[in-house]
Amino acid sequence: MPDQTATNPSEKATAAKRSPRGFAAMDPQRQREIASLGGRAAHQSGHAHEFTSEEARAAGRKRHQRAPSR
């Protein structure tokens, strides 16, 4: 059976010319800077949640109760 991906020559050319745009095209250091600003803003506005040790334990217990046994 022939390969079904990009059988049309123009589709192959279009796929090869695609390049990352926006956030994906940025330098990784710049991405970290922008993400850091978002995290700081979330904490300042009170929308960020920091788990306490007990909350993290409870979440872990809950997750492992649902996990299928191997």
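For clarity, every value in this text was computed on a predicted model and none was experimentally measured. Position numbers for residues count from 1 along each chain, tracking the sequence in the order it is written. Residue-level local features of this predicted model are given only where pLDDT is at least 70; pairs of side-chain atoms are given and counted only at 80 or more, and the full residue set underlies all totals for whole chains, interfaces and linings. The side-chain quantities take in all heavy atoms of the structure and omit both hydrogens and water.

1. Brief notes about the overall build of the protein chain
Definition in use: For helices the rule is a DSSP run of H or I covering at least 4 residues; for strands it is a run of E covering at least 2, with both sets numbered from the N terminus onward. A simple rule labels every residue: compare its accessible area, found with a 1.4 Å probe on the protein chains alone, to the largest value its type can have, and call it buried under 20%, exposed over 50%, or partly exposed in between. Working definition of accessibility: Shrake-Rupley area with a 1.4 Å probe, residue cover restricted to the visible protein chains.
Counting its secondary structure elements, the protein chain contains three helices and zero strands. N-terminal to C-terminal, the α/β element order of the protein chain is α-α-α. The proportion of buried residues among the 70 residues of the protein chain is 0%. Carbon and sulfur atoms make up 53% of the accessible area of the protein chain, which amounts to about 6700 Å² in all.

2. Topic: helix α2 (residues 28-45)
Here is the rule we go by: One less than the number of residues in a helix, times 1.5 Å, gives the span that helix is expected to have.
Taking 1.5 Å of rise per residue, the 18 residues of α2 would be expected to cover 26 Å, and the 26 Å separating its terminal C-alpha atoms lies within 8% of that figure. Immediately beyond the C-terminal end of α2, within one or two residues, lies G46, with a positive phi of roughly 85°.

3. Focus: the pattern of salt bridges
Which entries qualify depends on this criterion: Every case where a carboxyl oxygen of Asp or Glu lies within 4 Å of a side-chain nitrogen of Lys or Arg is listed as a salt bridge.
Counted according to the given criterion, the structure contains three salt bridges. Between R57 and E54 there is a salt bridge; the shortest N-O distance is 2.9 Å. Of this pair, R57 and E54 are both found in helix α3 (residues 53-66), three residues apart, which corresponds to roughly one turn of the helix. For R57, a relative accessible area of 46% gives the class partly exposed. Take E54: its relative accessible area is 42%, and that puts it in the partly exposed class. Between E54 and R61 there is a salt bridge whose closest N-O contact spans 3.4 Å. In this structure R61 comes out as partly exposed when scored by relative accessible area, which is 46%.

4. Quick word on the confidence of the model for the protein chain
Condition: Values of pLDDT, ranging from 0 to 100, describe the predictor's confidence in every residue of the model.
Confidence in the prediction of the protein chain, expressed as mean pLDDT, is 81, and 73% of residues score 70 or more. Across the protein chain, element-level confidence peaks in α2 with a mean pLDDT of 93 and bottoms out in helix α1 (residues 9-17) with 62.

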